[in-house]
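A look at the structure
Below are the chains, spelled out letter by letter.
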Amino acid sequence: MPNHENVHFRPIVGIDLGTTNSAVAHIHNGKPEMILSPKGERIIPSVVLIDLKNNVIVGEDARSALVAMPDRSVSAIKRKMGLNEPVSIAGQALLPQEVSALILQELKSYVDAIYGEGEKEAVITVPAYFTDEQRRATKQAGELAGFVVERIINEPTAAALAFGLEHTDEDRLFLVYDLGGGTFDVSVVEMMSGLLEVRASTGNHRLGGEDFDWKLVDFLSEKIVEESDIDPRNDIRATALLKEEAEKIKMRLSKDFVVPVELPLVTVKDNEPVGISTEITREQFVGLIDGLLLETMESVSSVLKDAQISPADIEEVLLVGGSTRIPRVRELIQDMFAKSPRTDVNPDEAVALGAAVQAGLKSGALSDSGLVATDVAPFSMGISVLKEWMGLTKRPGGFAPIIPRNTTIPVTRTEKLGTSAPGQTEVAIEIFQGEHEWVKYNHRLGEFLLSGIPANFDKQEEIDVTFRYNLNGILEVSAKCVSTGKEMSVIVQDGLQRDSQKAFQESVQRLEDLWKNADQDLDDEELIDADWEEMEDLLDDTELDEFDIDNEQAPSVLHEEAVQLRERAVKMMAELDADGQSKARQVINSLDQAIAGDDLEHLRNVIDEATDALIDLEL
Ligand code: ADP
Ligand code: MG
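Okay, so let's go over this structure. The model shown is predicted, which means the values in this text are computed figures rather than measured ones.

Here we come to the layout of surface pockets. Over the atoms, a rolled probe matching the size of one water molecule traces out where space is still vacant. By volume, the largest pocket amounts to about 1300 Å³. Residue lining of the largest pocket: 49 residues in total, with Thr 20, Arg 63, Glu 210, Lys 243 and Glu 247 positioned closest to the centre. Broken down by secondary-structure element, the contributors of at least two residues to the lining of the largest pocket are strand S4 (44-45), helix H1 (60-68), helix H5 (209-228) and helix H6 (236-253). For the lining of the largest pocket, the element with the most residues is H6, which contributes 10 residues. Partitioning the lining of the largest pocket into residue classes produces 16 nonpolar, 16 polar and 17 charged.

Sheet strands associate in pairs through backbone hydrogen bonding, adopting either a parallel or an antiparallel arrangement. An order of S23-S26-S27-S28 is seen for the 4 strands of this open sheet, with the pairing classed as antiparallel. Only two strands of the sheet have a single neighbouring strand rather than two, namely strand S23 (411-418) and strand S28 (487-491). Between one strand axis and the next, the sheet turns by 15° as a mean value, whatever way the strands run. Bridge count for strand S27 (residues 475-481) against S28 is 5 bridges, and the pairing is antiparallel.

We now examine the sheet that holds strand S7 (residues 73-75). Strand order in the open sheet made by the 3 strands is S6-S5-S7, with antiparallel pairing throughout. Pairing within the sheet leaves two strands with one partner each, and these edge strands are strand S6 (56-58) and S7. Here the average twist between neighbouring strands, direction ignored, is 15°. Across the sheet, H1 is in contact with strand S5 (47-50), S6 and S7; its angle to S5 comes to roughly 75°. Sheet strands touched by helix H2 (residues 96-115): S5, S6 and S7. Its angle to S6, the strand with the most contacts, is close to 70°.

In the vicinity of ligand 1, 18 residues are found, and the nearest of them are Asn 21, Gly 181, Glu 247, Lys 250 and Ser 254. Residue Gly 182 places a main-chain N or O atom 3.4 Å away from an oxygen atom belonging to ligand 1. Between ligand 1 and Ser 323 there is a distance of 3.2 Å, counted from an oxygen atom to a backbone nitrogen or oxygen. Burial of ligand 1 by the protein amounts to 92% of the accessible area it has alone, namely 580 Å². A molecule is said to occupy a pocket when more than half its atoms come within 2 Å of that pocket's grid points, and by this definition ligand 1 occupies the largest pocket. Top contributing element to the shell around ligand 1 by residue count: H6, with 3 residues.

What follows concerns empty space enclosed by the protein. Enumeration according to the criterion identifies 5 cavities of 30 Å³ or more in this entry. In this structure, the largest cavity encloses a volume near 80 Å³. As for the largest cavity, its lining consists of Thr 19, Lys 78, Arg 79, Phe 130, Gln 134, Gly 182, Thr 183, His 205 and Arg 206. The residue inventory of the lining of the largest cavity, partitioned by class, reads 1 nonpolar, 5 polar and 3 charged.

Our next topic: the environment of Val 225. Of note, Val 225 is situated in helix H5. With relative accessibility at 32%, the residue Val 225 sits in the partly exposed group. What Val 225 contacts, discounting residues up to four positions off in sequence, is Ile 230 and Asp 231.

Basis of the calculations
- Residues numbered from 1 in each chain as written.
- Chains lettered and ligands numbered in written order.
- Predicted model: local features only at pLDDT ≥ 70, side-chain atom pairs only at ≥ 80, totals over all residues.
- Heavy atoms only, no water.
- 1 Å grid on protein atoms, 1.4 Å probe; cavity = no way out; pocket = protein on both sides within 12 Å on 5 of 7 lines; lining within 4 Å.
- Points joined across faces, edges and corners; volume = space filled by probe spheres on them.
- Helix = DSSP H or I, 4+ residues; strand = E, 2+ residues; numbered from the N terminus.
- Nonpolar A, V, L, I, M, F, W, Y, C, P; charged D, E, K, R; others polar.
- Pairing = 2+ DSSP bridges.
- Axes fitted to C-alpha atoms, helices over the stretch in contact; angles between N-to-C directions.
- Contact = heavy atoms within 4.5 Å.
- Near = heavy atom within 4 Å.
- Polar contact = N/O pair within 3.5 Å; in protein donor to acceptor, adjacent residues only side chain to side chain.
- Areas by Shrake-Rupley, 256 points an atom, 1.4 Å probe, with all protein chains shown as cover.
- Sits in = over half its atoms within 2 Å of the grid points.
- Buried < 20%, exposed > 50% of the residue type's maximum accessible area, 1.4 Å probe, protein only.

What follows is the structure in C-alpha cells.
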C-alpha cells in the first residue's frame, strides 16, 4: 500500500553554470536560497585545476593556481561549449562538457552534503543565444556530473523568475540586463497573469567584465612602458598578475572613486624589479570601458525594437551579472529608462535562484505560486528551399524559417511544401538556424532525406514539414508525404543517439579515471594518446555528415525505412489477390535479405524497387 508520508522526492536544484562563476540554489521553506560550499562561498569560480598529485580542484583554489599552473588549469570553458575540440589540462585532453562536468560535480557535492547521496535533478541555465549544440553539451555536462537534467533554461528567464516570484498578481514588462564576466545578454520578459514569457532576446557572448579587466591591464601596462620602457604584456606571468590586480581594482572602483595601485614587482628588467605605483579614478576607468558599455546599450535599443516597445513600456529593469555592480551601468540604464533599475536580488545569484524557482515549479515545492515559465526561440529555425532570385530564376539554398526568432516556446509549426520537379521521388530536408535569407550564411543543424514519394508528373506532391521545439531548446523535425502518409523525423538533440551514447560512455570513463587517478602517477603518455585517438574516431562518427545527400544516408535511417516498407508490405497482403501476394512476398524477401546484409548501396536500391513495387500493388 502506498504511504504518502514515505514518498521520497528526488531533490531538484537550480544551477547557474557561468563563464566566470557558477552557483547552485534550491527551494527552502518555499523560497529560493543559495546552497553554500563547505567554505561558505555562495558562488565559485568556474575554474578547474588538476594539481601535481592529479587531484581535481574546482573553484577559488583552482583560480588562484591559474597564474602558477596555467597548463594544469582551465577557465572560461563555457566559451567552448558545443565544440568538439578538447582542451588540454595537465597533459590530458578533455572535451568542454567534460570540464564543465567537473564544475557541476563540485556543485553536486554541496547538494549531496545537504540531501545525502542519491539521485538529484537539476535545472541548468544557458545564455539565450546558445545554439542547439551548446545546449546539448550543457545537458550532457549535467548528466556526466551525475545529475538528471530536468531542463535547460535561458538565463534571462531564470533571472526574471528570481525577481518575479513575489509579484505574480501584477501584469508587467521587465528588461533583464545581464552583464557577467564573459557574456552579455539582454531580454524583454513579460509577466502576465502569472505567465512569464520572454518576448525578445539578444546579446553579445564575447562581452563582459573580463574585457574591462583587460582595458585596465592595458592602461597599467602602458604606464609601465612609459616609466620603465618595458612592456609587461610580453611576459605571461606579469600579464596574469596585472589581470588579477585589474579585477580587484575594478571591483573597488564600484565602491570608491579613487583606488591606489601599488605593485612593486610586476616584471623584471636587467635583473631589476619593475613595478608601478599610481592611482586610478572611477572617471578614468569609465573612460576606458564606456565604449563597451555603450555597445551594450545599443543591444538594449535593438531588443526593445525586436519586442516592438519603447523604454517607457518597461516597468522594471532587472540587473543581473557581477558587472552590473559598476555604477556607470546603473547610470546608463537610469538615463535610458528614466527610472532606477532593480537591484534587490544579488546580481551574481539571480540566475541560480531563478533556476531554483523553475526547479521548484517542477517539483511542486512552489506549486502555489501560480507561475508558469515559457521561453522564446533564440534563432529562427527553418529549411533550405528554392528561392526566387532577382525576380527571374529560382535558385536552391534559400532559407524558409518555420519557427521565426523570438517565437514563444514550446512550439510546433507545420509548413506545407511541394516537390519542385515533375516525377521527383525524394526530398532532402536540410535544417538551419539563423536570420539570413540564404542558408549558406546560417548555421546548419542537420539533414535527412524523405524518399518514397510517388512519382507525380501532373502536379506537385505535398510535403508537410513539422518543427517541434521544446523548452530545453531541442528541435525535432519531421517530414511527411501527404499522399502516402509516409513520415520521417530527426531529433536534432539526440539525432545520432547510438553514436553519442558511445561517446558519452567514453566521457564517463575519462572522468572516472580522473577521479581514480588522483594521487597516482599518470604520465603514461602513450596510453593517453591511444585513448585520445580512439575518442577522435568516435567524435568523427557523431558528425551529422552521415545525413549528407548523394544517397549517403545514415545506415540507421535506411534500415528504418526498409523496416517500414516491410511492415507496409505485410499489411497489404490481406487485401491482395494471389498474384499480388506473391509479388508482395518477393518484396518482403528482398527487403529481408538487404536488411540482413551490410551493402548500403544495395539496400538503397532494394528500397527504391520495393517502393515502386508496392505503389504498383496499391493501385
Ligand atoms: P558570469 O555570468 O560570466 O559567470 P558573473 O555574473 O559571476 O559572471 O560576473 C562575473 C564578473 O563580474 C567578473 O568579471 C567580475 O569581475 C565582475 N564583478 C563582480 N563583482 C564586481 C564589482 N563589485 N564591480 C565590478 N565588477 C564586478
Ligand atoms: Mg551569468
